[in-house]
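Now for the letters of each chain:
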Amino acid sequence: MVKEKTFAFFLGCLMPNRYPAIEKSTKFVMEKLGYSILDMERASCCPAPGVFRSFNKLDWMVAGARNLCIAEQLDADILTVCNGCFGTLQEINKHLKENEEHKLLVNEKLKLIGGYEFKGTINVRHVAEVLGYEVGPWGIEDMIVRKLNARAAVHYGCHFLKPTRIREIESSESPTIVEEFIEVLGVESVRFKEQLTCCGAGGGLKAYSGDTSMTIFGEKMKNIDEVKPDFILDICPFCHLQFETGQDYLNKNKNCNYDYPVIHLSQLVAYCMGMDQEFVGLQYQMMGRDYIFGGEEIKKEEEAI
Amino acid sequence: MTVKEEKIKDVEKVDKDTASEKSEEPRIGVFVCHCGHNIAGTVDVAEVAEYAKTLPNVVKAEHYMFMCSKPGVQMVKDSIKELGVNRTVVASCSKNQHGKTFARAIEEVGLNKHRHQQVNVREYCSWVHQKEKNKATQKAKQLVEAGVNRTRKLEDVETQKISTTKAALVIGAGIAGLRAANDLAELGIPVYLIEKESTIGGHMTRLNKTFPTLECPQCSISPLTNGVANHPLIELYTNAQVKEIEGSMGNFEIEIEIKPRYVKDNCTSCGECAAHCPVEVPSEWDMGMSMRNAIYKAYPQAIPATYVRDKKNCIECNTCINICPVQAVDFSMQPETKKFKVGSIVVAAGYDEYDPTEIEPYHYGQDGYEDVITQLKLERMLSPTSLTNSEVLRPSDGKIPKNVVMIQCVGSRNDQVGNPYCTGVCCKYAIKNARIVKEMYPDTNVTICYIDIRTPGLNFEELYKSAQEVGVRFIRGRPSEIVKDPISGELRVIVEDTLSQTPLQLKADLVVLSAAMVPPEGIGPLGSKLHVLRSKEGFLKEFHIKMNPTLSSKGGIFLAGTIQGPKDISETVAHAGSAAALAAAPLVKGYIEKEMLVPAIDYELCVNCGLCKTVCAPAAIDIDENGVPSVNEVACKSCGMCMPVCPTAAIQLINFRDDQLLDEIIAVSGGGAICE
Amino acid sequence: MSDVEEQHREYKMDEDFDPKFFKDIERKSNIWKCIQCGSCTASCESGRWTALKTRSIVRKVVLGDLSVLKDPDIWLCTTCYQCYERCPRDVRPTDVIMELRNYATKLGNISPNHRAVVGYLKNTGHAVPINDEVKKRRVELGLEELPPTLYKFKQEGEDKDLKNFEKHMFPLPPVEEEEEKK
């Protein structure tokens with residue numbers, strides 16, 4: 001049995017090595033909500049679903065299973081904040097639990113690379129669905145100290161909801177989980193054209209052909225620009241990186257003039273729960289450095305005795 | 001009008017007088033056929049006959065060149081007449097091939113035809129073991145011995161003549177039900193025609209034009225609807241559904257429930273009530289394309305012409321009661337039940353159009369996507385009596401569309417959503433409608449997005465060509481989604497033109513989805529009441545897809561029209577005619593002859609577990625309030641499924657009892673012993 | 001056939017295809033069910049702008065057209081799964097593309113950028129390794145300078161797992177062989 005209200009925090013690559021503010025925010029939020037967050041020592045890249053699975057599916061499963069084993073040894077479900085890591089770990093976890101033949105193959109190789117053994121005892125969770133369903137807008141309402149008054153362009157990304165038959169979270173054609181959650185924080189999701197398309201970074205495309213990646217992204221930025229949101233909200237550090245570096249690229253190469261701050265859900269929630277804006281880390285990002293979250297302080301009513 | 005039921009004298013036995021009425025010593029005659037070289041070329045038939053002579057109770061064993069020939073058959077008959085043979089075994093070809101030949105033969109000389117056992121030593125032996133003559137002969141001997149063992153305990157099976165009730169029930173008054181009711185009535189059979197809606201005519205009356213001739217369906221069907229409404233032998237009940245069905249083929253007891261119309265029969269159809277009714281709701285008959293009042297007639301030419309009140313939406317302001325010039329409105333009317341007896345039931349309950357709400361990328365039914373409609377809605381707009389005056393208008397703003405895009409295979413041919421089958425009529429009606437729209441509005445672009453164009457049958461390829469000739473654009477590609485620009489509100493259909501490998505974004509101010517035909521709502525409870533099987537797609541299952549598409553899995557119940565599967569009007573009418581003919585046969589003859597090849601229950605062994613009833617597909621086993629089972633011999637289909645599930649072997653099918661089968665098995669396995 | 005005909009041949013012969021090559025591809029019977037309806041290409045975000053035609057890729061697998069393994073377009077997919085969601089025959093084209101990439105990698109058809117990423121994984125345990133600037137940021141934010149992943153343990157002298165990665169995982173054909181082929 002996994003420990004209750006405890007998560008093994010899977011860091012991945014982009015969050016710890018490029019956007020540590022997201023790491024800080026997530027820890028802040030989860031601990032304030034009463035969860036115990038454990039370090040996953042010796043974790044590696046998940047490995048990235050579009051890249052490594054494209055090279056060798058078995059080794060991708062083995063490396064992913066190795067990360068799962070670390071959490072199994074901690075007896076805790078995995079928490080991740082990245083669509084890519086979620087895509088890899090949730091799918092491998094589910095697949096090996098259901099496919100005996102592949103589980104044997106993977107365990108055979110796991111022995112070779114460090115004596116690990118996959119048992120299938122834990123589940124993999126994404127912070128967006130932990131907050132959206134488990135905590136829920138009703139659960140967060142009492143915990144926030146600041147309520148914003150902002151309009152955000154919400155980007156779900158791809159691997160959080162799809163493939164729906166594996167993730168089983170909600171419909172990928174009309175999702176509402178994040179938007180319903182942030183409403184309580186005072187953030188209105190503003191609809192833009194072709195809202196659910198890919199950011200263009202995944203599948204190894206950003207490394208393979210940066211130009212194509214930017215073409216896809218450029219179209220998305222154009223649609224977002226039409227509605228002039230206060231900031232862009234994402235739930236994946238790779239999308240986060242794409243929105244950041246992408247706006248920069250488009251400004252430098254395509255005569256654009258974008259400066260939308262890019263915020264990960266963890267950063268937003270942490271701020272609303274009382275974390276100082278300087279830890280949100282906008283000063284380390286490329287876009288929207290001057291953006292001030294603001295929002296009104298919520299006075300907590302005195303409890304009558 | 002009361003229905004006169006003619007009854008024939010009750011059950012008569014049709015067996016000829018037989019000497020085998022008393023239980024007596026078995027005297028078995030065995031005849032082994034050469035079948036030319038077919039059997040004799042591999043099996044030593046003489047040896048087999050010799051072996052048969054050695055078996056207990058065998059008084060005659062012969063072999064002959066062609067048993068099925070006249071002299072061969074005569075040989076069998078002679079043995080009965082001369083030697084008192086009272087059970088016969090013919091070892092030759094299969095039961096399907098000549099089993100009946102010999103059964104009929106022995107019946108002619110006074111034996112019950114179930115005293116014959118056919119042993120197949122051709123398909124089961126000589127033909128498949130041609131290279132191993134010795135082993136084949138040994139096998140033939142074992143097969144013959146098994147046959148002899150089997151015949152030893154064969155009993156007479158009587159054929160009962162059951163008189164039938166000369167009346168029929170037709171469920172559903174769409175084109176299928178109307179055709180079936182009419183055909184039955186023309187044969188002199190009184191028909192009870194029930195329809196769950198308040199008007200008859202079904203989907204056909206809602207169409208604008210029928211393919212391929214582009215005729216007006218209301219005109220085509222009008223002689224039939226009027227004929228049926230006025231036929232002296234047809235009793236029509238609208239707003240009615242089946243409540244309970246008991247009995248079996250030839251004699252069903254039906255109870256129907258008639259929902260109150262709240263308007264009496266003296267209604268003159270003047271329409272004053274509707275004109276003054278303050279309530280407006282979307283009209284179901286008009287596929288939501290217009291409004292109706294809480295007291296209404298579905299459409300001007302509706303039959304019956306009596307108005308009907310929708311109690312759920314009525315606010316009971318009583319305006320209609322007061323304004324009716326003949327005081328026909330009566331809120332106190334109650335549901336009625338009616339009981340009657342019929343001999344056959346024809347199920348013609350129709351279909352429903354698939355609801356594309358499930359296919360999310362097409363956004364059907366969502367706010368802001370009112371201009372995404374289905375083909376039936378388009379038919380309603382084009383219809384002569386439509387709210388739009390037969391114009392095609394966008395539901396959102398009432399303007400004539402400049403770009404109409406039709407999407408095929410919505411809810412059909414899909415393993416992920418909807419159904420895996422191809423409905424088979426959508427290509428035809430989409431092309432029909434596309435051509436009509438294009439000819440009405442030559443400046444409007446009309447596009448059909450398809451995966452395949454399926455237009456088999458006379459005049460349909462021609463229809464396809466004619467649509468292309470007037471400029472309907474055909475794009476081979478299945479659209480992945482319909483997108484809407486949040487600022488301009490413009491719709492675009494995203495599709496790949498696979499023939500030129502070009503991804504496209506088509507402008508579309510009206511999108512028409514060609515939705516599948518699916519089983520109608522309420523088919524589950526109806527099927528349960530009828531005790532008929534359903535196909536895996538949810539329609540009612542036919543007895544045999546090739547040889548008997550209008551008989552259901554239960555005797556006496558026939559299927560007409562789309563209730564059995566998607567089809568167009570021509571196919572439906574032919575299907576309904578076949579159902580009517582089959583339904584009429586036992587009623588016109590006056591009786592059903594049924595072989596009583598049914599199970600018997602040993603009540604001392606029976607533990608009242610009820611398992612036999614659960615596996616009986618034609619629902620031929622009834623369980624009373626004490627849990628005691630009894631067999632409905634008319635409904636029984638002799639399948640024998642009740643036997644293996646019975647934990648105490650209390651139920652045994654005549655001539656297929658456990659001990660009889662065991663005798664056969666012992667011989668086939670080489671045991672050689674006889675069971676007592 | 002003369003040399004001239006061999007050089008300039010537009011049409012294909014049955015011998016040019018090898019459908020048995022893909023006989024072990026995962027879910028083969030489901031891929032063979034493709035009716036080329038084009039829902040995948042219509043859904044493809046990348047295909048809108050590039051030569052990637054998802055439907056054609058699946059067609060080549062079904063026909064056994066092995067040129068697809070050298071096709072650079074199979075690397076233009078972002079694995080957004082939109083085609084997978086919308087396919088009426090449940091062909092799962094995204095998975096087909098990733099299987100093709102596996103075959104292509106074994107043949108050495110892998111881009112230099114991707115080779116580099118594999119190198120980072122084997123060296124540091126990360127596809128995107130940390131740098132000095134971010135190390136400073138982490139400290140400023142109140143986090144440990146290095147996250148507790150394999151890289152940290154390697155810095156502290158323990159690199160057993162990474163050595164195993166190098167030895168057993170993600171083998172790639174050497175680059176020289178590819179040049180010899182040319």
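Definitions and cut-offs
Residues numbered from 1 in each chain as written. Chains lettered and ligands numbered in written order. Predicted model: local features only at pLDDT ≥ 70, side-chain atom pairs only at ≥ 80, totals over all residues. Heavy atoms only, no water. Helix = DSSP H or I, 4+ residues; strand = E, 2+ residues; numbered from the N terminus. Rg over C-alpha atoms; globule rule 2.2 N^0.38 Å. Buried < 20%, exposed > 50% of the residue type's maximum accessible area, 1.4 Å probe, protein only. Contact = heavy atoms within 4.5 Å. Areas by Shrake-Rupley, 256 points an atom, 1.4 Å probe, with all protein chains shown as cover. Lys, Arg positive; Asp, Glu negative; His and termini not counted. Charge placed at Lys NZ, Arg CZ, Asp CG, Glu CD. Pairing = 2+ DSSP bridges. Axes fitted to C-alpha atoms, helices over the stretch in contact; angles between N-to-C directions. Buried area = accessible area lost by both parts, 1.4 Å probe. Salt bridge = Lys/Arg side-chain N within 4 Å of Asp/Glu carboxyl O. Polar contact = N/O pair within 3.5 Å; in protein donor to acceptor, adjacent residues only side chain to side chain. Nonpolar A, V, L, I, M, F, W, Y, C, P; charged D, E, K, R; others polar. Phe/Tyr/Trp six-rings, centres within 6.5 Å; stacked < 30°, edge-to-face > 60°. Parallel < 35°, antiparallel > 145°, perpendicular 65-115°, else oblique. Left-handed = near helix turned anticlockwise from the far one by under 90°. Domains from an automatic or database assignment. Right-handed = clockwise from strand over helix to strand, strands pointing away. Expected span 1.5 Å × (residues − 1). Core = buried A, V, L, I, M, F, W, Y, C linked by side-chain atoms within 4.5 Å.

Please provide a residue-by-residue account of the overall build of chain C, values included.
Helix and strand content of chain C: 11 helices and 0 strands. Along chain C, helices (α) and strands (β) appear in the sequence α-α-α-α-α-α-α-α-α-α-α when read from the amino end. Whereas a compact globule of 182 residues would reach a radius of gyration of roughly 16 Å, chain C reaches 22 Å, over 25% beyond that. Seen along its three principal axes, the alpha-carbon backbone of chain C occupies a region of about 70 × 40 × 30 Å. When burial is assessed residue by residue, chain C has 54% of its 182 residues classed as buried. For chain C, restricting intrachain contacts to residue pairs at least 6 apart in sequence, the fraction spanning at least 24 positions comes to 63%. Of the roughly 9,100 Å² of accessible surface on chain C, a fraction of 50% belongs to carbon and sulfur atoms. Treating the 31 positive side-chain charges of chain C as one cloud and the 33 negative ones as another, the clouds have centres 5 Å apart.

Would you mind going over the sheet that holds strand 10 (residues 240-248) of chain B in detail, with residue names and values included?
Each strand in a sheet pairs with another by means of backbone hydrogen bonds, the pair being arranged parallel or else antiparallel. All names here are of chain B. Strand order in the open sheet formed by 3 strands is 10-11-16, with antiparallel pairing between adjacent strands. The sheet is open, and its two borders are formed by strand 10 and strand 16 (336-342), each paired with just one other strand. Strand-to-strand twist of the sheet, defined as the mean angle between neighbouring strand axes without regard to direction, takes the value 20 degrees. The sheet contact formed by strand 11 (residues 251-258) and strand 16 spans 7 bridges and is antiparallel. Of the residues in strand 16, the one forming a bridge with I256 is K338.

Tell me what's going on with the interface of chain C and chain A, and back it up with residues and numbers.
The interface of chain C with chain A comprises 60 residues on the first partner and 67 residues on the second. Summed over both sides, the interface between chain C and chain A buries roughly 5,800 Å², with carbon and sulfur atoms accounting for 59% of that surface. Across the chain C-chain A interface, the total number found is 9 salt bridges. With a closest N to O distance of 2.7 Å, E158 of chain C and R42 of chain A form a salt bridge. For the pair chain C and chain A, the interface holds 35 residue pairs in polar contact (both at pLDDT 80 or more). At the level of secondary structure, the elements contributing two or more residues to the side of chain C that touches chain A comprise helix 5 (82-86), helix 6 (93-106), helix 7 (112-124), helix 8 (132-140), helix 9 (150-155) and helix 10 (160-168) of chain C.

Account for the interface of chain C and chain B, with residues named and values stated.
Tallying the contact residues gives 21 residues for chain C and 19 residues for chain B. Around 1,600 Å² of area is buried between chain C and chain B when both sides are counted, 43% of it from carbon and sulfur atoms. For the chain C face of the interface with chain B, the top three residues by lost area are A42, R86 and P88 of chain C, together amounting to 33%. Linking chain C to chain B there are 3 salt bridges. Of the charged contacts, one joins E496 of chain B and R55 of chain C as a salt bridge, the two residues approaching to 2.8 Å between their closest N and O atoms. Our count for the chain C to chain B interface comes out at 16 residue pairs in polar contact (both at pLDDT 80 or more). Going through the elements one at a time, helix 3 (39-43), helix 4 (54-63) and helix 5 of chain C are the ones with two or more residues in the side of chain C that touches chain B. Here the element with the most residues in the side of chain C that touches chain B is helix 3 of chain C; it accounts for 4 residues. Looking at the side of chain C that touches chain B residue by residue, the classes come out as 6 nonpolar, 7 polar and 8 charged.

Before we move on, can you summarise the sheet that holds strand 26 (residues 510-515) of chain B with the specific residues and values?
All names here are of chain B. Here 5 strands make up an open sheet; going across it, the order is 19-26-20-21-22 and the pairing parallel. Since the sheet does not close on itself, it has two edges, and those belong to strand 19 (372-374) and strand 22 (473-476), each with one partner. The sheet shows a mean angle of 25 degrees between the axes of neighbouring strands, taken without regard to direction. Pairing analysis gives 5 bridges linking strand 20 (residues 403-410) to strand 26, with the strands arranged parallel. Residue pairing across strands places I407 opposite L513, the latter belonging to strand 26. Contacts from helix 11 (residues 375-382) reach strand 19, strand 20 and strand 26, with the element oriented near 85 degrees to strand 19.

Could you give an account of the side chain of D59 of chain A, with specific residues and numbers?
Looking at the element boundaries, D59 of chain A is found in helix 4 (residues 57-74). Residue classification places D59 of chain A among the buried positions, given a relative accessible area of 1%. Those residues in contact with D59 of chain A, other than ones at most four positions away along the chain, are K109 of chain A together with H168, M169, F170 and P171 of chain C.

Go over the pattern of salt bridges with me, naming the residues and quoting the values.
Counting across every chain of the model gives 67 salt bridges over all chains. One salt bridge in this structure joins R42 of chain A and E41 of chain A, with 4.0 Å as the shortest N-O distance. For R42 of chain A, a relative accessible area of 25% translates into the label partly exposed. Residue D183 of chain B is joined to R179 of chain B by a salt bridge in which the shortest nitrogen-to-oxygen separation is 3.3 Å. Placement of the pair is D183 of chain B and R179 of chain B together in helix 7 (residues 175-186), with a separation of 4 residues, close to one helical turn. On the accessibility criterion, R179 of chain B (24% relative accessible area) is partly exposed.

Can you explain the packing of aromatic side chains? Please cite residues and give values.
Taken as a whole and assessed by the stated rule, the structure comprises 22 aromatic pairs over all chains. Look at F22 of chain C and Y103 of chain C: their rings are 5.4 Å apart centre to centre, the planes differ by 85 degrees, and that puts the pair in the edge-to-face class. With F22 of chain C in the loop between helix 1 (3-7) and helix 2 (28-31) and Y103 of chain C in helix 6, this residue pair connects regions lying 81 residues apart in the sequence. For the pair shown, F22 of chain C and Y103 of chain C are each scored as buried. A network of ring pairs unites the aromatic residues F52, F55 and Y208 of chain A together with W75 and F170 of chain C as a single cluster.

Can you break down the packing of helix 2 (residues 20-32) of chain A against helix 13 (residues 265-272) of chain A residue by residue, with the values?
Residue and element names in this part refer to chain A. Relative orientation of the contacting elements helix 2 and helix 13 amounts to 50 degrees, with a least axis distance of 8 Å. As summarised for this structure, helix 2 and helix 13 are arranged oblique, according to the angle between their axes. Seen along the crossing, helix 2 lies across helix 13 with a hand that is left-handed. Residue-level contacts link A21, I22, S25, T26, F28 and V29 of helix 2 to S266, Q267, V269 and A270 of helix 13.

Hey, could you go over the domain arrangement of chain A for me, with residue numbers and the actual values?
All names here are of chain A. Here chain A is described as being made up of domain 1 (6-126) and domain 2 (136-293). The straight-line distance from the C-alpha centre of domain 1 to that of domain 2 is 23 Å. Each partner contributes to the interface: domain 1 provides 24 residues, whereas domain 2 provides 34 residues. In terms of surface lost to domain 2, no three residues of domain 1 exceed Y19, I22 and N83, which account for 25% of the buried area on that side.

An account of the pairing of strand 21 (residues 445-450) of chain B is needed here, citing residue identities and associated values.
All names here are of chain B. Here strand 21 lies mainly inside the structure; 5 of its 6 residues are buried. The sheet contact formed by strand 20 and strand 21 spans 5 bridges and is parallel. Within strand 21, the residue paired with I407 across the bridge is C449. The parallel pair strand 20 and strand 21, bridged by helix 12 (residues 426-440), forms a crossover whose chirality is right-handed.

Could you give an account of the domain arrangement of chain C, naming the residues involved and the relevant values?
According to the domain assignment, chain C contains domain 1 (14-107) and domain 2 (112-171). Inter-centroid distance (C-alpha atoms) of domain 1 of chain C to domain 2 of chain C is 33 Å.

Lay out helix 7 of chain B with the relevant residues and their values.
All names here are of chain B. With 12 residues, helix 7 extends 16 Å between its outermost C-alpha atoms, agreeing within 8% with the 16 Å of an ideal straight helix rising 1.5 Å per residue. Counting buried residues in helix 7 gives 9 out of 12 residues, a clear majority hidden from the surface. If you follow the buried residues of helix 7, they end up packed against strand 7 (168-171), strand 8 (191-194), helix 8 (217-230), strand 9 (234-237), strand 17 (344-347) and helix 15 (569-589). Just beyond helix 7, the residue with positive phi is G188, at close to 90 degrees.

Explain the nonpolar core residue by residue, including any values.
Burial of nonpolar side chains together is a common tendency in soluble globular proteins. Among the nonpolar cores identified, the biggest contains 140 residues, and F52, I140, I182, L185, L233 and L268 of chain A are the most heavily contacted of them. Counting residues per element, this core draws most heavily on helix 4 of chain A, which supplies 9 residues. Contact partners of L233 of chain A, with chain neighbours within four places excluded, come to A152, A153, V154, H155, V178, I182, I263, H264, L265 and L268 of chain A. Counting 36 residues, the second largest nonpolar core, distinct from the first, contains V30, V32, L55 and V121 of chain B.

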